[in-house]
Amino acid sequence: MGKSYNKKHENRIKERYMIKTIAQGAEAIIELNENIVIKNRIPKGYRIKELDEKIRKQRTKKEANLLERAGKIINTPKVLKVEKFQIYQEFIDGDKLSQTLNSYPEKKQFDTMKQLGKEVAKIHEKDIIHGDLTTSNTILKEKKIYIIDFGLGTTSKRIEDKAVDLHLIKQALEAKHYMNWEKLFENFIKGYDWKESERVLDQLKKVEARGRYKH
């Protein structure tokens, strides 16, 4: 009865303030309140409460810092406020590429992926790793690419970590944009041009080889 009441009360609050859930994963619930996105890290019942709160607080702060750092280099949502386990950020009202890329004319698809490659090269040059680089985390708005959700991100100088980012976007293209994923990735690589790009691409081959060996 108590849980049911609390859930109804929570839903009434959300309706009153026009808050709606737009995504939910294992780590966080993403809500939209008008033009503000609220990312709230979910408690983990298998952890001791004090430890859980400490971990969620640290990860929330780390993600916000990484988002702000990346935002000085590329287009990302602006961080508006950070509270304990919540990040309040700007809502980017554009095309999420996972949903729209396939519907673009071919030239626009290729140009968009080339542009994304350029943006990823910029953050890799500054040792920022996204950690979940997919078309679900990229938005096209007014001809600008925005990269969102740095929840699994980190900073690293390791070529391996940068190669894994490329492996993730390649897998996403193959899975969701399979009609011409190879050409899409080729155009991404055309944009991914910086002083260490060849080393990253060489490492990508090794990452893929390990994956094939495991299977």
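Our subject is the structure that appears above.
Fair warning: this is a prediction, and the values are worked out from it, not measured in the lab.

Peer 1: Help me out: how do you make sense of the overall build of the protein chain in this one?
Peer 2: Summing up its helical and strand segments, the protein chain has seven helices and ten strands in all. Approximately 13300 Å² of the protein chain is accessible, and the part contributed by carbon and sulfur atoms is 50%.

Peer 1: Would you explain the packing of aromatic side chains in this entry?
Peer 2: Applying the stated rule across the entire model yields three aromatic pairs. Between Phe-185 and Phe-188, the ring centres sit 5.9 Å apart and the planes meet at 10°, which makes this aromatic pair stacked. On the criterion of helical spacing, the pair formed by Phe-185 and Phe-188 is a turn pair, its members being three residues apart in helix α6 (residues 181-191). As far as the burial class goes, Phe-185 and Phe-188 line up, both buried. Judged by centre distance (6.1 Å) and plane angle (10°), the ring pair of Phe-188 and Tyr-192 falls under stacked.

Peer 1: Looking at this model, I keep getting lost on the sheet that holds strand β6 (residues 95-96). Mind explaining?
Peer 2: Overall, antiparallel pairing links the three strands, which are arranged β6-β8-β9 in an open sheet. At either end of the open sheet lies a strand with only one pairing partner, and these are β6 and β9 (144-147). Bridge count for strand β8 (residues 138-141) against β9 is four bridges, and the pairing is antiparallel. Note on β9: the bridge partner recorded for Lys-141 is Lys-144. Packed on one face of the sheet, helix α4 (residues 106-125) meets β8 and β9 and runs near 50° to β9.

Peer 1: How should the sheet that holds strand β3 (residues 36-41) be read in this particular structure?
Peer 2: Strand-to-strand pairing in sheets goes through backbone hydrogen bonds, with the strands running parallel or antiparallel. With respect to topology, five strands assemble into an open sheet ordered β1-β2-β3-β5-β4, the strand pairing being antiparallel. Every other strand in the sheet has two partners, leaving β1 (19-24) and β4 (79-83) as the edge strands with one partner each. Each strand axis lies, on average, 20° off the axis of its neighbour in the sheet, ignoring direction. Sheet topology note: the β3/strand β5 (residues 86-90) ladder contains five bridges and is antiparallel. Directly across from Lys-39, in β5, lies its bridge partner Ile-87. Against the sheet, helix α2 (residues 49-71) contacts β3, β4 and β5, and its axis sits at roughly 165° relative to β4.

Peer 1: Help me understand the pairing of strand β2 (residues 28-33) in this model?
Peer 2: The side chains of a regular strand alternate, first on one face of the sheet and then on the other. As paired strands, β1 and β2 are joined by five bridges and run antiparallel to one another. Bridge assignment links Ile-19 to a residue of β2, and that residue is Asn-33. Linking β1 back to β2 in an antiparallel pair, the connection comprises three residues. Of the pairings in the sheet, the one linking β2 to β3 comprises six bridges and is antiparallel in character. Bridging across to β3, Ile-30 finds its partner in Lys-39. Following β2, the chain reverses through two residues before pairing antiparallel with β3; Glu-34 in that reversal takes a positive phi of roughly 60°.

Peer 1: Just checking my understanding: could you explain the environment of Lys-205 for this structure?
Peer 2: Structurally, Lys-205 is set in helix α7 (residues 197-214). Overall, the relative accessible area of 57% leaves Lys-205 in the exposed class. C-alpha separation for the pair Lys-205 and His-167, spaced 38 residues apart in sequence, amounts to 9.1 Å.

Conventions we followed
Residue indices follow the written sequence of each chain, beginning from 1 at its first position. Note on the predicted model: pLDDT of at least 70 is required for a residue's local features to be given, and 80 or more for side-chain atom pairs to be given and counted; whole-chain, interface and lining totals, by contrast, use all residues. Each side-chain value is worked out from all heavy atoms of the structure, with water and hydrogens disregarded. A run of H or I in DSSP becomes a helix once it reaches four residues, and a run of E becomes a strand once it reaches two; helices and strands are each numbered from the N terminus. Per-residue accessibility takes into account occlusion by the displayed protein chains alone, with areas from the Shrake-Rupley method and a 1.4 Å probe. Ring geometry is summarised as follows: Phe, Tyr and Trp rings, the Trp one being its six-membered ring, pair when their centres sit within 6.5 Å, and such pairs are stacked at plane angles under 30 degrees, edge-to-face over 60 and tilted between the two. Whether a residue is buried, partly exposed or exposed follows from its accessible area with a 1.4 Å probe, protein chains only, as a fraction of its type maximum: under 20%, in between, or over 50%, in that order. Two strands pair under a simple rule: DSSP has to find at least two bridges between them. Working rule for contacts: check all heavy atoms of both residues, and any pair within 4.5 Å makes them a contact. Here an angle of 0 to 180 degrees is reported between the N-to-C directions of two axes, which are lines fitted to C-alpha atoms, with helices fitted over the stretch in contact.

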